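Summary of the model geometry
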Amino acid sequence: MARQLASRMSRLGTETAFEVLARAKQLEARGRSVIHLEIGEPDFDTPGNIVDAGVNALRGGATHYGPSSGLPEARARFADAFGSARGLKIAPEQVVITPGAKPILYYTIVALAEAGDEVIYPNPGFPIYESVINFTGAKAVALPLREENDFSFDPDELRALANDRTKLIILNTPQNPTGGVLTRKDLEVVAEVAQKHDCWVLSDEIYSRILYESQHCSMLAIDGMSDRTVVLDGHSKTYAMTGWRLGFGVMPTSLEPVVSRLQTNIASCTAAFTQLAGIEALHGDQSGAETMVKEFRVRRDMLVDALNEIDGVTCNRPGGAFYVFPNVKALGRNTDELATMLLDEYGLASLSGTAFGKYGDGYLRFSYANSQENLREGVSRLKKCVQDLGSRAS
Ligand SMILES: Cc1ncc(COP(=O)(O)O)c(C=O)c1O
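A brief structural summary. Because the structure is predicted, anything quoted here is derived from the model rather than measured.

What follows is about the sheet that holds strand β4 (residues 139–144). Across the sheet, which stays open at both edges, the 7 strands sit in the order β2-β8-β7-β6-β5-β3-β4 with mixed pairing between neighbours. Each edge of the sheet is formed by a strand with only one pairing partner; in this case those strands are β2 (95–98) and β4. Direction aside, neighbouring strands of the sheet carry axes that sit 20 degrees apart on average. As paired strands, strand β3 (residues 118–123) and strand β5 (residues 166–172) are joined by 3 bridges and run parallel to one another. Among the inter-strand pairings, I120 is bridged to a residue of β5, identified as I169. Relative to the sheet, helix α4 (residues 102–112) contacts β2, β5, β6 (200–204), β7 (229–234) and β8 (247–250), its axis offset from that of β6 by approximately 170 degrees.

Two side chains with opposite charge may pair up if their charged atoms get near one another. This model, assessed by the stated rule, comprises 20 salt bridges. Residue E256 is joined to R75 by a salt bridge in which the shortest nitrogen-to-oxygen separation is 3.5 Å. One end of the pair, E256, is in helix α8 (residues 256–266); the other, R75, is in helix α3 (residues 72–86), and 181 residues separate them in sequence. E256 sits in the buried class, given a relative accessible area of 14%. When its relative accessible area of 14% is taken as the criterion, R75 is described as buried. We note a salt bridge from R299 to E295, for which the minimum N-O separation is 2.9 Å. Of this pair, R299 and E295 both sit in helix α10 (residues 287–308), separated by 4 residues, roughly a single helical turn. Classification of E295 as partly exposed rests on a relative accessible area of 22%. When salt bridges with common partners are traced through the structure, they connect E213, R297, R300, D301, D305 and R317 into a single cluster.

Overall, the coordinates contain 1 cavity of 30 Å³ or more when judged by the stated rule. Here the largest cavity defines a volume of roughly 50 Å³. Around the largest cavity, the lining residues are P122, L143, L145, F153, I169, I170, L171, N172 and L182. Each residue belonging to the lining of the largest cavity can be placed in one class, and the counts come to 8 nonpolar, 1 polar and no charged.

Cut-offs and rules
- Residues numbered from 1 in each chain as written.
- Predicted model: local features only at pLDDT ≥ 70, side-chain atom pairs only at ≥ 80, totals over all residues.
- Heavy atoms only, no water.
- Pairing = 2+ DSSP bridges.
- Helix = DSSP H or I, 4+ residues; strand = E, 2+ residues; numbered from the N terminus.
- Axes fitted to C-alpha atoms, helices over the stretch in contact; angles between N-to-C directions.
- Contact = heavy atoms within 4.5 Å.
- Salt bridge = Lys/Arg side-chain N within 4 Å of Asp/Glu carboxyl O.
- Buried < 20%, exposed > 50% of the residue type's maximum accessible area, 1.4 Å probe, protein only.
- 1 Å grid on protein atoms, 1.4 Å probe; cavity = no way out; pocket = protein on both sides within 12 Å on 5 of 7 lines; lining within 4 Å.
- Points joined across faces, edges and corners; volume = space filled by probe spheres on them.
- Nonpolar A, V, L, I, M, F, W, Y, C, P; charged D, E, K, R; others polar.

Structure representation (structure tokens):
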């Protein structure tokens, strides 16, 4: 008994992308060719001006502990960039800088939710939401995002799911895994519901700069939301800085000491040189980030068109992020088995939609953070699999 794990560990989920990546790497180590469309990571290197800023910071001695909430200079410059992108005035005291954006999810959910509370989260959605909600003992209430609504939610469904036990509503725009984008109208419905039930909102806006046809609308831009909203943002996706581990949250000043205390207990602080590189990312030359978005758009169009040519596969054209979420229900296969078969037999690494929650069943997620050549090869492997399934069936 003494050597058993704490029971809360059975409630902690995972992010399947990392498991599939590990499995795909094992296959490659055995000499198999694998096309990687599973992991949500830009295939570009961090732009040179940002790397230089990081190296200069290291050489300049930025190798020590810093304040838990972030270096004062970095908090101020992140607040400026975040605010001017959204037309808002943000104080440095509202910003907590973290090693990657993910800790903001953990800190916010753990700070706010506990047994007896309910937390509404998007489903399909980034799997860490559901995992951490369950970990706290709060009830995870899935808000379905359906293809027929362009992977947005139904306002009446949100209204019906919320009640006076609802402590927090989580939303994400642009969205992982579907690439869907919420409109100002959608956000106004979230605001109406949050105000009615006096609850918090956690708005995951990490893909806000990877948008193709529309302008980003932030939850913080909606009237009356600034004292109940935490916005998650970060450098990983926009600046191809996944491995640097740099993200931040913008929150009411009343919540900042609480989130900082969690950070003191868990990570102490974020590496100083990554924060200084992060200032250059936000305020320096933006051409690296802009080139990436242009290229992602070309890939999105190419991939969506190619997927729609495969019998039994349909794919909508997402407005943001770098994922597509094709519907494969017509293939008549269990989605998890299909994803496993694609990797093991055809060398195509993707994620089953169920890795993002039960409403992801019947879909696959492909990340198009990969070269056009690899995307073409990936589609042709999927096509071969679909043809083989058809001939096995007949
Ligand atoms: C929706 C969403 N939120 C947060 C994160 C976490 O980002 P980071 O790598 O900066 O921790 C990711 C990464 O995949 C994501 O897709």
